[in-house]
Amino acid sequence: MKIRIILAASLKTFTDRTPEVALEADTVSGALQALTDEYPEAARGLFDENGDLRGFVNIYVNDRDIRTLKGIGTPLHDGDEIFLIPAIAGGACESVISTERMKAVTIEEKEIRRYSNHLQLKEISIKGQKRIMASRVLVAGIGALGGVVAERLAAAGVGTIGLADAQEVTLEGLQTQTIHSTRDLERPRAAAAKDRLKKLNPLVTTVAHQEQLTGDNVEEIIADYDIVVDATDNFVSRYLISDACVLNGKPEVFGAMYQYEGVVTVLGTKDGPCLRCLYPSPPPAGIVPTCAASGVVNTLPGIIGAMIATEVLKLITGGGEPLIGKVLAMDSWNLRYHTLHTGKDSGCPVCGRSPVIRAVQDIDYDDFCGLREDPDEEPIDLIEPEELARRISDGDRITIVDVREPHERAVHRFPGTLIIPIGQLARRQKELDPEIDTIFVCMEGKRSILAIRTLREAGYTGPMYSLKGGFETAAQIIFPNEGAWL
Ligand SMILES: [Zn+2]
């Protein structure tokens with residue numbers, strides 16, 4: 001059968017940036033075999049050391065999750081499309097706001113004018129707007145996505161908006177984070193957003209939670225809210241929020257972005273899946289870069305953020321068709337949308353029939369997300385930026401390998417390096433000299449560690465070091481006269 005495999009952006013590194021592969025196969029398993037025959041690097045991304053499909057990759061045949069079909073044995077037909085979607089990191093429903101809470105809200109004259117657009121809509125009208133005004137929504141992560149969500153919800157009149165974020169406004173963030181202004185630089189993002197929302201709509205209450213969500217505080221923080229929006233940028237927070245929402249019966253709207261692509265879904269409802277149902281395990285640390293490390297087109301948060309806010313309004317008003325059991329995946333650059341059907345996993349450790357996770361405090365999320373070192377694994381040697389700067393200026397015989405993506409190298413140059421993307425390392429190891437030190441450089445110091453592990457697995461025995469903190473930390477030390485942004 002002639003079929004096509006379509007890869008999400010973060011998997012394209014394994015196929016030399018090819019987004020679509022046409023091939024012949026009779027089953028999903030045959031198609032994956034044909035894909036990895038053509039692109040051997042893809043095998044490492046898709047399969048673990050036992051040859052099992054990695055838990056962070058979901059496969060859809062014509063928008064249907066293969067877990068709802070016949071798994072990798074699902075038969076294919078001419079013209080079928082297979083979508084490979086990694087974790088980054090339907091149906092109408094009842095309003096999450098009770099009738100009593102809705103009735104307790106009174107709409108005053110000033111609110112009738114301010115909210116007149118919604119009041120004119122049959123699907124929202126007075127009851128829906130009262131529910132919006134009665135609702136309490138926590139937005140976790142007030143960056144590009146969370147900022148758009150918070151602004152839309154404030155303007156909509158959501159009664160209380162929680163802003164959970166521990167970071168500060170940075171210059172690099174301003175291109176995508178329009179909730180923050182240049183004058184907010186170095187202020188806490190949660191506090192700056194609170195000020196902005198107050199100006200936008202003084203009728204809503206905003207609460208800044210200026211702390212990192214952890215197993216110790218997440219349940220206490222989400223307890224005050226009806227709905228949680230996950231607009232964070234790391235897998236530790238995402239699994240923590242999803243688990244906490246399931247364990248505390250809170251619906252969650254999940255949104256994520258990568259370069260030009262975004263996904264939105266609703267998790268944690270009674271009948272719908274949670275994050276662990278969709279992605280039982282996060283990708284290995286460093287394999288999927290964050291937006292900060294991989295770039296994002298600045299219009300995308302506007303699109304995905306508005307979609308997230310729309311899902312929140314649907315959950316509040318009980319109208320429309322929320323993305324429960326469905327993942328909306330959008331490629332803004334080629335303007336393609338797919339609504340992928342998902343489902344609750346009866347074996348899910350949090351929301352399945354026999355859950356084994358009963359408290360977030362019991363999970364070591366750093367460990368789960370591969371951020372903690374495996375004691376059995378040979379430790380990775382790190383090199384401090386100062387040390388590397390010294391060795392470069394001394395003219396030491398070393399090889400520096402840059403494993404960053406081309407767009408990252410275009411913004412921050414590192415002259416005099418050997419450029420090898422992670423996906424090509426194993427096959428290009430002969431370009432390295434095992435007699436001298438090889439130093440790996442990436443953006444944040446995580447993919448360089450992955451690079452060393454990849455080469456060790458491939459049998460390379462020369463001395464290898466990872467640049468501590470990556471280029472982001474090292475640029476000002478190694479290139480003090482050129483600034484961080486070259
Ligand atoms: Zn689940």
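Calculation rules
Residues numbered from 1 in each chain as written. Predicted model: local features only at pLDDT ≥ 70, side-chain atom pairs only at ≥ 80, totals over all residues. Heavy atoms only, no water. Helix = DSSP H or I, 4+ residues; strand = E, 2+ residues; numbered from the N terminus. Rg over C-alpha atoms; globule rule 2.2 N^0.38 Å. Buried < 20%, exposed > 50% of the residue type's maximum accessible area, 1.4 Å probe, protein only. Areas by Shrake-Rupley, 256 points an atom, 1.4 Å probe, with all protein chains shown as cover. Lys, Arg positive; Asp, Glu negative; His and termini not counted. Charge placed at Lys NZ, Arg CZ, Asp CG, Glu CD. Donors = N, O, S within 2.8 Å, 3.2 Å for Na, K, Ca; no water. Salt bridge = Lys/Arg side-chain N within 4 Å of Asp/Glu carboxyl O. Pairing = 2+ DSSP bridges. Domains from an automatic or database assignment. Contact = heavy atoms within 4.5 Å. Buried area = accessible area lost by both parts, 1.4 Å probe. Core = buried A, V, L, I, M, F, W, Y, C linked by side-chain atoms within 4.5 Å.

**Topic: the overall build of the protein chain**
For step 1, the next point in the chain: On a plain count of helices and strands, the protein chain comes out with 18 helices and 18 strands.
For step 2, the next point in the chain: Taking 486 residues into account, the globule formula puts the C-alpha radius of gyration at 23 Å, and the protein chain, at 24 Å, falls close to it.
For step 3, the next point in the chain: Taking all 486 residues of the protein chain together, the buried fraction comes to 54%.
For step 4, the next point in the chain: For the protein chain, the computed accessible surface area is about 21,800 Å², with 49% contributed by carbon and sulfur atoms.
For step 5, the next point in the chain: Counting 52 positive and 70 negative side-chain charges, the protein chain places the averaged centre of each group 8 Å from the other.

**Describing the environment of V263**
For step 1, the next point in the chain: Structurally, V263 can be placed in strand β11 (residues 261–267).
For step 2, the next point in the chain: Given the relative accessible area of 9%, V263 is considered buried.
For step 3, the next point in the chain: V263 sits 44 residues away from M307 along the chain, and the two C-alpha atoms are 9.4 Å apart.

**Some points on the coordination of the zinc ion**
For step 1, the next point in the chain: Surrounding the zinc ion are the protein donor atoms C274 (SG), C277 (SG), C348 (SG) and C351 (SG), which sit 2.2 to 2.3 Å from the metal.
For step 2, the next point in the chain: Expressed as a motif, the donor residue spacing for the zinc ion is C-x2-C-x70-C-x2-C. Of this pair, C274 sits in the loop between β11 and α11 (275–278) while C348 sits in the loop between β13 (336–341) and α14 (365–368); the two residues are 74 residues apart in sequence, bridging distant segments of the chain. The pair formed by C274 and C348 is uniform in burial state, with each residue classed as buried.

**Re the pattern of salt bridges**
For step 1, the next point in the chain: Taken as a whole, this structure holds 23 salt bridges when the rule is applied.
For step 2, the next point in the chain: Between D195 and R187 there is a salt bridge, and its shortest N-O distance comes to 2.7 Å.
For step 3, the next point in the chain: Taking the relative accessible area as the measure of exposure, D195 reaches 31% and is therefore partly exposed.
For step 4, the next point in the chain: Among the ionic pairs, R391 bridges to D396, the shortest N-O distance being 2.8 Å.
For step 5, the next point in the chain: Overall, D396 belongs to the partly exposed group, its relative accessible area being 32%.
For step 6, the next point in the chain: Within this structure, R4, E20, E81 and R336 form a network of salt bridges that share partners.

**Some details on the pairing of strand β12 (residues 326–331)**
Each regular strand displays side chains that alternate between the two surfaces of the sheet.
For step 1, the next point in the chain: Burial within β12 is extensive, with six of its six residues counted as buried.
For step 2, the next point in the chain: Burial along β12 is two-sided: K326, L328 and M330 and V327, A329 and D331, pointing in opposite directions, are all buried.
For step 3, the next point in the chain: Strand direction decides the pairing type here: β11 and β12, joined by five bridges, are antiparallel. Note that in β12 the partner of G262 across the bridge is M330.
For step 4, the next point in the chain: Following β12, the chain reverses through four residues before pairing antiparallel with β13; L335 in that reversal takes a positive phi of roughly 45°.

**What to know about the domain arrangement of the protein chain**
For step 1, the next point in the chain: Along its sequence, the protein chain is carved into domain 1 (2–86), domain 2 (135–368) and domain 3 (382–478).
For step 2, the next point in the chain: Domain 1 puts five residues into the contact, and the matching count from domain 3 is six residues.
For step 3, the next point in the chain: Contact between domain 1 and domain 3 buries roughly 550 Å² in total, counting both sides, with carbon and sulfur atoms accounting for 38%.
For step 4, the next point in the chain: It is T13, E41 and R44 in domain 1 that bury the most area against domain 3; as a group they hold 74% of the surface buried on that side.

**Here we look at the nonpolar core**
For step 1, the next point in the chain: In this structure, L153 and I304 are the most contacted members of the largest nonpolar core, which totals 47 residues.
For step 2, the next point in the chain: It is helix α13 (residues 300–317) that provides the largest number of residues to this core, a total of nine residues.
For step 3, the next point in the chain: Those residues in contact with L153, other than ones at most four positions away along the chain, are V137, V139, V158, I161, A309, V312 and L313.
For step 4, the next point in the chain: Grouped together as the second largest cluster of nonpolar side chains are 40 residues, Y60, F254, V327 and A329 included.

**Points about the sheet that holds strand β16 (residues 418–419)**
For step 1, the next point in the chain: One open sheet accounts for five strands, arranged β14-β18-β17-β15-β16; its pairing is parallel. Of all the strands in the sheet, the pair left with one neighbour each is β14 (382–383) and β16.
For step 2, the next point in the chain: Two strands pair when backbone bridges link them, and strand β15 (residues 399–402) and strand β17 (residues 438–441) are joined in this way by four bridges, in the parallel orientation. Its bridge partner lying in β17, V401 is registered against F440.

**Notes on the side chain of T36**
For step 1, the next point in the chain: Relative to the assigned elements, T36 resides in helix α1 (residues 28–38).
For step 2, the next point in the chain: With a relative accessible area of 10%, T36 lands in the buried category.
For step 3, the next point in the chain: Not counting the four nearest positions on each side in its chain, T36 is found in contact with A42, A43 and F47.

**Here we look at the environment of G128**
For step 1, the next point in the chain: Among the structural elements, G128 can be located in helix α6 (residues 125–134).
For step 2, the next point in the chain: Given a relative accessible area of 4%, G128 falls into the buried group.
For step 3, the next point in the chain: The spatial distance from the C-alpha of G128 to the C-alpha of G319 is 8.6 Å, given a sequence separation of 191 residues.

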